[in-house]
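Report on the structure
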Amino acid sequence: MRLGNSIQDHCDVRGLLDHDEYSDEFSRLLCVAQNEGVSFSECVAAAKLIRSSNGPGWRQAWEELARSHLRRAQEACRTGNELAAQKGWLHAANYFMAAAIESCPEGAEPTLGALAHTCLRHFLAKLTPQGETVVIPWLEERSLEGFYLPVTSHGANAHPVVVCIAETRRTKEEILSLVLRSARQRGMALLCVDLPDEAPSPRVAAETGITAALDYLIEARGIDPARIAVIGDGSPSSLVTRGIALDGRAAAAVCDGGLWDLWAARQTDACVAALGMVQAGPRLPAMNCPMLVPLRAGEAIEPGHARHLLAQHHPGNRDILLKVFGETSSGPWTLDGYDPILVADFVFDWLGQQLNAGAGEADCIRRLESRL
């Protein structure tokens, strides 16, 4: 699939950033380039090729880049060059992720998503200490898969752990690519988990996966439950919020605070009231832990209305920060001023402040506020 003829400027990378179908993924690539997760120059060159009249399509351009880095990683492994192998695996994983967003022709080869997962698994094995793919017990017939990245080989339970839940907007692989540097620079272990956006059975809610992830950390890894935070992927959904509220053990949370459920309930209640019927009651429990509610500028819920809904629904929680991202930043890699890397830095500085991970987090947050 090639981009539409409406994109005319073949010298400006915003030609892809402004294209609805590919903008989020291309923005992610340019953002992870700041963390050396891909090459910025390779992304720009690929964009020019994709937008040229006789160039490769989206999938082919990124897949070719991914396979070239895959070969470099394999050669580096054969020659014992661990740093080069680590870089090659990570670049290949990110390029395979980009290629995978476009539907693939049917064939016998593994899917691009599976290749991205394999490359990322090899990358994790090259880290010090090693990251790993883990299986988290959940239901009798179903488990959750995640990536676990400890901070040090000894005494890892002395460090805070952040659980990143991939629900509908991103996969655990994509989330890891965006938060890895922020977490490791701040001495925080990571558990990135995919959570289904639908209930696995009529009797079990999808949000119970949050409890399964925390049980795994506490029981299998010996993590202090007072130092676990949970992050949602920013989806227009309150599933992660419901899971955190029902479990009750998270020491801090970055989620929507129930905004999408509350907003939808208000629309329903208004219609019901207009018909003279009895309005429905609350649809989700309130949260008592410190909470950062990220809101992307231009999303459906206006910030003032969002603050009003949060204050009404969590009246006993005075430690709620609603932060609107994407209002002022203007980096060349951003989409509508929204830079996921700066967002990750802000989030992990806030989490460090809540979990007492170190000193100086408040100053970091103030500095980031001037850039976001």
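Turning our eyes to something else, we now look at the nonpolar core. The biggest cluster of nonpolar side chains holds 67 residues, and the ones touching the most others in it are W62, F96, L176, L190, F348 and L351. With 10 residues, the single largest contributor to this core is helix α5 (residues 82-100). Setting aside residues no more than four positions away along its own chain, L176 makes contact with L120, L124, F147, L149, L190 and C192. In terms of nonpolar packing, the next biggest core, distinct from the first, is built from 45 residues, I165, A245, M291 and L322 among them.

Residue placement: S237 occurs in the loop between β5 (228-232) and α9 (239-247). Separated by 68 residues in the primary sequence, S237 and R169 place their C-alpha atoms 9.5 Å from one another. If we ignore the near neighbours within four places in the chain, the residues touching S237 are E167, D256 and W260.

A word on the layout of surface pockets. If you add up the space inside the second largest pocket, you get close to 320 Å³. What lines the second largest pocket is a set of 16 residues, among which N35, Q86, L90, F123 and L180 lie closest to the centre. Counting only elements with at least two residues in the lining of the second largest pocket, the list comes to α5 and α7 (172-185). Taken together, the residues that form the lining of the second largest pocket break down as 7 nonpolar, 5 polar and 4 charged.

With that settled, the discussion passes to the sheet that holds strand β7 (residues 291-296). Think of a sheet as strands paired side by side through backbone hydrogen bonds, with each pair either parallel or antiparallel. The mixed open sheet is built from 8 strands, whose spatial order is β1-β2-β4-β3-β5-β6-β7-β8. Edge positions in the open sheet fall to β1 (132-139) and β8 (320-325), since each of these has one partner strand only. Sheet twist, expressed as the mean angle between neighbouring strand axes with direction ignored, is 20 degrees. Bridging between β5 and strand β6 (residues 252-254) involves 3 bridges; their strand directions are parallel. The residue of β6 that forms the bridge with I231 is V254. Helix α11 (residues 303-313) rests against β7 and β8 of the sheet, and its axis sits at about 160 degrees to β8.

Two aromatic rings are characterised by how far apart their centres lie and by the angle between their planes. Counting across every chain of the model gives 5 aromatic pairs. Judged by centre distance (5.5 Å) and plane angle (70 degrees), the ring pair of W58 and W62 falls under edge-to-face. Of this pair, W58 and W62 both sit in helix α4 (residues 58-79), 4 residues apart, roughly one helical turn. What makes W62 buried here is its relative accessible area of 0%. Relative to F346, the ring of F325 has its centre 5.6 Å away and its plane inclined at 80 degrees; by these criteria the two rings are edge-to-face. Within this pair, whereas F325 is found in strand β8, its partner F346 is found in helix α12 (residues 340-355), the two being separated by 21 residues in sequence. The class of F325 is buried, set by a relative accessible area of 1%. On the basis of relative accessible area, F346 is assigned to the buried category, the value being 0%. Above the plane of the ring of F147 lies K172, whose end atom (NZ or CZ) is 5.2 Å from the centre.

Definitions and limits used
Each chain has its residues counted from 1, following the order in which its sequence is written. Local features in this predicted model are restricted to residues whose pLDDT is 70 or higher, and side-chain atom pairs enter the listing and the counts only when it is 80 or higher, whereas totals over whole chains, interfaces and linings include all residues. The side-chain numbers reported here are obtained from all heavy atoms of the structure, hydrogens and water having been left aside. In this text, buried Ala, Val, Leu, Ile, Met, Phe, Trp, Tyr and Cys residues form a nonpolar core when linked through side-chain atoms within 4.5 Å. The classification of residues rests on relative accessible area computed with a 1.4 Å probe and restricted to protein chains. Under 20% of the type maximum is buried, over 50% is exposed, and intermediate values are partly exposed. Each helix corresponds to a stretch of at least 4 residues labelled H or I by DSSP, and each strand to a stretch of at least 2 residues labelled E; elements are numbered beginning at the N terminus. By definition, residues are in contact when any of their heavy atoms lie within 4.5 Å. Two kinds of site are reported from a 1 Å grid over the protein atoms alone, namely cavities, where a 1.4 Å probe fits but cannot get out, and pockets, open sets with protein on both sides within 12 Å along at least five of seven lines, and residues are called lining when an atom falls within 4 Å of a point. Grid points are joined across faces, edges and corners, and a volume is the space filled by probe spheres set on the points. Lys, Arg, Asp and Glu make up the charged group, whereas Ala, Val, Leu, Ile, Met, Phe, Trp, Tyr, Cys and Pro make up the nonpolar group; the residues left over, Gly among them, are polar. When DSSP finds two or more bridges between two strands, those strands count as paired. Helix axes use the C-alpha atoms of the stretch in contact, all axes being lines fitted to C-alpha atoms, and the angles between their N-to-C directions lie in the range 0 to 180 degrees. Aromatic rings from Phe, Tyr and Trp, with only the six-membered ring used for Trp, were paired whenever their centres fell within 6.5 Å, and each pair was classed as stacked if the ring planes differed by under 30 degrees, edge-to-face if by over 60, and tilted otherwise. Charges are assigned to positions over rings by a cutoff of 6 Å between ring centre and Lys NZ or Arg CZ, combined with an angular limit of 35 degrees from the ring normal.

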